[in-house]
Amino acid sequence: MRLTRRTTLALAAGAATGGFTSGQAATPASPLRLWYRQPANEWVEALAIGSGRMGAMVFGGVAAERLQLNEDTLWAGGPYNPANPEALRALPEIRALIDAGDYAKATEIADARFMATPKRQMSYQTIGDLKLTFPGLDGPPTDYVRDLDLDGAIATTRFAVGGTAYARQVIGSYPDRVIAVRLTADKSKAISVDLSFASPLKSKPVSGIEGRDTLVLAGANESQQGIPAQLKFECRVQVLNKGGTLSAKDGVLSVSGADEVLLLIAAATSYRRFDDVGGDPVAINKAVLAKARTKGWRALLAKHQTDYRALFRRVSVDFGTTTASLRPTDERIKVSQTTDDPALAALYYQYGRYLLIACSRPGGQAANLQGVWNDKTFPPWGGKYTININTEMNYWPAEPTGLAECVKPLIEMVRDLSVTGAHMAKVMYNARGWVTHHNTDLWRASGPIDGAKFGVWPTGGAWLCKHLWDHYDYNRDRAYLADVYPLMRGSALFFLDALVVDPKSGKLVTNPSISPENNHGHGSSLVAGPTMDQAIIRDLFTACIKSAAILGTDADFAAQLTAAREKLAPYKIGKDGQLQEWQEDWDADANDLQHRHVSHLYGVFPSDQIAIDTTPKLADAAKVSLNTRGDISTGWAIAWRLNLWSRLGDGDRAHKILSLLLGPERTYPNMFDAHPPFQIDGNFGGTSGMTEMVLQSRNDQIYLLPALPSAWPTGHLTGLRARGAVGVDVIWTRGKLETAVFTATADGRHHVKYGASSIDLDMKKGQRVRLTARDGVLRRA
Ligand code: FUC
């Protein structure tokens, strides 16, 4: 049943509160709410809170609550130099073997002599848990509900025991740098809680109590792969109670009989930069808490929500609403593939934006494989930055969905990599510029790791540079471009030195490399000039050439890049009509025809080198490749397919793929993406893919409703951003564009397309233009 917004809200309010009888105000129903009728048993049922630097997973237990905590610079190891000088001696041998077609032998030599030392990088680590146990709350609760309000960025648990109603609220404040927990009840003196830490870190951090009201966990990170632990960390909890008494025993801080309790949690490490671990976490935490403790809950909450909403509320989404939306979130996910629940897609959309705001803010670290949320000391794939797709996917929704500020930590990571990667380029390739392979970590390690078939891929840094250019292209800030131009230039310079001439074609190619992480069926994955590399380098050179022109600088270098770009190997269509993944027509020989990576389709998305209207033959070939790969894959790989089918203009296919992503095999009850295991890229790729259904900004055009699925006949997506520094609101009814509103944040000309109709808008900064599309023809309203 389709619902109007008003009936939905009324029904949801009843469903959400379950007839709460204890005097607590009903939680207002909202389409922007994840909610549950029971506490989390598993970590992937707990609700994610983040301050940009810190993360907390809130389980919502009644007699015992668990807050699993993270701080984004708590990683294993310390500053290290993984460059392997032997690699340079092995390089000509590996190249010659690849040219001679002996890929297996090339791999053997690369594994023995070309890899970084150590061969693995450092992992992201959890702090551990803050445990809250509530004496006297053992009785069965009534009226239990827990939720995560995406509009308020607050997690709340409510229930009643023995006639008293309790509420527990948790926020992660970026401006105040704390996780704040507020415990309240509808009766006085009802709050008693025992607080303690538990940490799985092998370094055995020590917990203790300072003064009467502060619980502290302090220690070090772990050593890994022979790299010694060099970080100190501290997590400090300030207890502020109204009424009641405080006492301490055996590392447990107890509050008893309070009217209300506020916990302020701060965490920090000694990390300052990839080469500097001289920070003082104790001093940082003390300063943070001294400021925050004077404010009180209301002021902290207000400041947090003002900060958060300034970003979150830029975008509003509606894909339609049905009665399915009245169920708790876990139940909706369970039945999502057999139920019409467009509001679940909208919730997933905004959850992706929520997560990015919660884990990637200026001054903090970039979103890793799990954003900032991780309960392990050695999480899957180290919880690192896998930059052969995953880290980039994390940032796909950032610019188009109005979260440009969240890209800052990624830009800073690239700045660091341009330093460590310059050393790597010199030592491994005797090349100028900088290089990063398929992974990096907090220490900005940039060498090939994990085995040649994964790690020998020199294009990771170059792909990250696309985000530097995109940040300019969406925002058009010349001073910013001047700041990051040297980083892009350094990456391009590496390829001027490291590209080699392919003896068969005479074209410039990478060698050695791989098409991530696909075995081409000729003895290995190693190869020269995989399609993806050529495409990434083409984009990088183009971004540098455009930047040099905009900045009026570096004309000679730009000319070198223009000449080299001409010599890059072009796209090829193979015997089955597919877009070739490699220079040779090997797609049908690959070991895994349904491989999760669709690297050769980079040109379709995130790039725009291939598109249905500009290069239709290549786009058809991309469809052939994509059909062979199939729709079902890991979480992020499904999300990539979603973006690709949107770019290929097939909204219904994209929607079908989206339903795979939203189903219970790829979405956990807390809405975290399941690779499986949890990996956050699928969340971000999902938000990006839905955006691409409604708005595409590519090939110097803005496309309205390029892949609208028939399942979403009426809706809106407002507050989006397009290249050229323009905001776009898209409103549609009965499958057709009703209105599009453009708001320019810089002067510029925009070519707007809707189906066969197009219009050019010359806009001045600050100007707003409204378009309608009666009979499919775009007109100014
Ligand atoms: C790449 C992918 C895997 C996983 C890992 C973190 O290696 O191929 O599927 O996502 O990154």
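The following refers to the structure shown. Treat the numbers as computed from the prediction; the structure is a model and nothing was measured.

Reading the values: the criteria
- Residues numbered from 1 in each chain as written.
- Predicted model: local features only at pLDDT ≥ 70, side-chain atom pairs only at ≥ 80, totals over all residues.
- Heavy atoms only, no water.
- Phe/Tyr/Trp six-rings, centres within 6.5 Å; stacked < 30°, edge-to-face > 60°.
- Helix = DSSP H or I, 4+ residues; strand = E, 2+ residues; numbered from the N terminus.
- Buried < 20%, exposed > 50% of the residue type's maximum accessible area, 1.4 Å probe, protein only.
- Lys NZ or Arg CZ within 6 Å of the ring centre and 35° of its normal.
- Salt bridge = Lys/Arg side-chain N within 4 Å of Asp/Glu carboxyl O.

Focus on the packing of aromatic side chains
No. 1: In the structure shown here, the tally under the stated rule is 26 aromatic pairs.
No. 2: An angle of 65° between the planes, with centres 5.4 Å apart, marks the rings of Tyr271 and Trp443 as edge-to-face. Here Tyr271 is found in the loop between strand E16 (260-269) and helix H4 (281-292), whereas its partner Trp443 is found in the loop between strand E19 (439-440) and helix H10 (452-455), with 172 residues between them in sequence.
No. 3: Overall, the relative accessible area of 11% leaves Tyr271 in the buried class.
No. 4: Note on Trp463 and Trp640: the rings are 6.2 Å apart at their centroids and 40° apart in plane angle, and the pair reads as tilted. On the criterion of sequence distance, the pair formed by Trp463 in helix H11 (residues 460-475) and Trp640 in helix H16 (residues 635-647) is long-range, its members being 177 residues apart.
No. 5: Put simply, the rings of Trp396, Trp463, Tyr602, Phe605, Trp636 and Trp640 touch in pairs and so form one group of aromatic residues.
No. 6: Over the aromatic face of Phe557 sits the side chain of Arg489, whose NZ or CZ is 4.0 Å from the ring centroid.
No. 7: When the ring centre of Tyr571 is taken as origin, the NZ or CZ atom of Arg538, which lies over that ring, is 5.1 Å away.

Looking at the pattern of salt bridges
No. 1: Using the criterion set out here, one finds 44 salt bridges in the structure.
No. 2: A salt bridge links Glu108 to Lys105, with the shortest nitrogen-to-oxygen separation between them at 3.5 Å. Of this pair, Glu108 and Lys105 both sit in helix H3 (residues 103-113), three residues apart, which is roughly one turn of that helix.
No. 3: With a shortest N-O distance of 2.9 Å, Asp341 and Arg332 are connected by a salt bridge.
No. 4: You can call Asp341 buried: its relative accessible area is 9%.
No. 5: The network of salt bridges with shared partners includes Lys466, Asp470, Asp473, Arg476 and Arg723.

What about unusual backbone geometry?
Peptide bonds are trans in most cases, and residues, glycine excluded, mostly fall at negative phi.
No. 1: Here Thr117 and Pro118 are connected by a cis peptide whose omega angle stands at -5°.
No. 2: The residue Pro118 is located in the loop between H3 and strand E5 (128-133) in this model.
No. 3: In the segment running from Asn511 into Pro512, the intervening peptide bond is cis, with an omega of 0°.
No. 4: Mapped onto the secondary structure, Pro512 falls in the loop between strand E21 (508-509) and helix H13 (531-551).
No. 5: Positive phi values are uncommon outside glycine, yet Asn699 reaches one of about 50°.
No. 6: One can find Asn699 in the loop between strand E22 (695-698) and strand E23 (701-704).
No. 7: Judged by its relative accessible area of 19%, Asn699 falls in the buried class.

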